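These are the residues of each chain, in order.
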Amino acid sequence: GARLARELSLDRQEREHIEGLLRLKPDDLAARHRKMELIYDEYVTGPVTPDPDPQGDVLLRELQFFLPSSHHPLGEEVAVEDWLRSALIHARRREFIEHASDLGDAAKLRPTDLDILCRYGMSLERLLGRNGDETDREIRAKLQALHANAEWVIRNKRKADFLDDDGAQTWTELFQSLQH
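No experiment lies behind these values; they were computed from the predicted model shown.

Participant: Can you walk me through the overall build of the protein in this structure?
Facilitator: Within the protein, the regular secondary structure consists of nine helices and zero strands. Listing the helices and strands of the protein from first to last along the sequence gives α-α-α-α-α-α-α-α-α. With respect to the three principal axes, the spread of C-alpha positions in the protein is 55 × 40 × 30 Å. Counting across all 180 residues of the protein, residues that qualify as buried make up 38%. Intrachain contacts of the protein at a sequence separation of at least 6 include 51% that bridge at least 24 residues. Total accessible area on the protein stands at roughly 10900 Å², and carbon and sulfur atoms take up 51% of it. Put simply, the protein has 26 plus and 35 minus side-chain charges, and the middle of one group is 2 Å from the middle of the other.

Participant: Looking at this structure, how should I read the environment of threonine 49?
Facilitator: Along the polypeptide, threonine 49 turns up in the loop between helix H3 (29–45) and helix H4 (54–66). Residue threonine 49 is classed as partly exposed on the basis of its relative accessible area of 45%. Between the alpha carbons of threonine 49 and arginine 92 there is a distance of 8.5 Å; along the sequence they are 43 residues apart.

Participant: Just checking my understanding: could you explain the packing of aromatic side chains for this structure?
Facilitator: The relative placement of two aromatic rings is captured by the distance of their centres and the angle of their planes. Taken as a whole, this structure holds two aromatic pairs when the rule is applied. Ring geometry for phenylalanine 65 versus phenylalanine 66: centroids 5.0 Å apart, planes at 90 degrees, classification edge-to-face. You can call phenylalanine 66 buried: its relative accessible area is 0%. The positively charged end of arginine 32 is found above the aromatic ring belonging to phenylalanine 65, 3.6 Å away from the centroid. Against the face of tyrosine 40 rests arginine 85, its NZ or CZ located 5.6 Å from the ring centre.

Participant: It is not clear to me how helix H8 (residues 133–159) should be interpreted in this structure. Could you clarify?
Facilitator: An α-helical turn contains 3.6 residues, so any two residues separated by three or four positions project in the same direction. In this model, H8 (27 residues) spans 39 Å end to end at C-alpha, consistent with the 39 Å of a helix rising 1.5 Å per residue. Turning to H8, the residues buried within the fold contact helix H7 (114–127) and helix H9 (165–177). Immediately beyond the C-terminal end of H8, within one or two residues, lies aspartate 161, with a positive phi of roughly 65 degrees.

Participant: Would you take a moment to explain the nonpolar core for this structure?
Facilitator: Nonpolar side chains in soluble globular proteins tend to be buried together. Of all hydrophobic cores here, the largest spans 35 residues; its most connected members are Leu59, Ile89, Leu114, Leu117, Leu124 and Phe175. In terms of residue count, H7 provides more of this core than any other element does, seven residues in total. Beyond its immediate chain neighbours, meaning those up to four positions away, isoleucine 89 contacts Tyr40, Tyr43, Gly56, Leu59, Leu60 and Leu63.

Participant: Where do I start with the layout of surface pockets in this structure?
Facilitator: Empty space among the atoms becomes apparent when a probe as large as a water molecule is rolled across them. Here the largest pocket is characterised by a volume of approximately 310 Å³. Lining the largest pocket are 18 residues; nearest its centre among them are Ala100, Ser101, Tyr120, Leu124 and Lys142. Listed by contribution, the elements that provide at least two residues to the lining of the largest pocket are helix H6 (96–109), H7 and H8. Ranked by the residues each element gives to the lining of the largest pocket, the list is headed by H6, at seven residues. Looking at the lining of the largest pocket residue by residue, the class counts come to nine nonpolar, five polar and four charged.

Reading guide: rules and limits
Residues numbered from 1 in each chain as written. Predicted model: local features only at pLDDT ≥ 70, side-chain atom pairs only at ≥ 80, totals over all residues. Heavy atoms only, no water. Helix = DSSP H or I, 4+ residues; strand = E, 2+ residues; numbered from the N terminus. Buried < 20%, exposed > 50% of the residue type's maximum accessible area, 1.4 Å probe, protein only. Contact = heavy atoms within 4.5 Å. Areas by Shrake-Rupley, 256 points an atom, 1.4 Å probe, with all protein chains shown as cover. Lys, Arg positive; Asp, Glu negative; His and termini not counted. Charge placed at Lys NZ, Arg CZ, Asp CG, Glu CD. Phe/Tyr/Trp six-rings, centres within 6.5 Å; stacked < 30°, edge-to-face > 60°. Lys NZ or Arg CZ within 6 Å of the ring centre and 35° of its normal. Expected span 1.5 Å × (residues − 1). Core = buried A, V, L, I, M, F, W, Y, C linked by side-chain atoms within 4.5 Å. 1 Å grid on protein atoms, 1.4 Å probe; cavity = no way out; pocket = protein on both sides within 12 Å on 5 of 7 lines; lining within 4 Å. Points joined across faces, edges and corners; volume = space filled by probe spheres on them. Nonpolar A, V, L, I, M, F, W, Y, C, P; charged D, E, K, R; others polar.

Structure follows, in structure tokens:
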């Protein structure tokens, strides 16, 4: 039933079927994760509200169930998406340190993904000037390392024809703007 509801984009019915499945098989990690994805999709399409954020709390607890381990039970690609989900929840809640940390974890898993690297860099920039000079020095060091990695990725993606000259130039300029 859940599979058919998913194919028909009937999220509420899919969630009901998954909840029934989880009552029968509470250890089904794929079903538990899919339920979390459905709740997340509902959450991100809803309005951003000030504290409290009970739906965000539920999602973060579920994400933490899957993310703290060194090996995500559903694979690395799912782990990257979960770190990005967690980052978005933290950004909506204006928890910028946690937001940057989540993006950093996603970047560790996908160190050649220029979009993730750029989002991580922008999140680090947002932290500058908030917690003193020592923290700013650490953030600037992370930004420099990120910039060096991005240059390497851009250069190699250009050599492999994954980026054309315009794309390489655009990414280069974007990462250079993070250095200021």
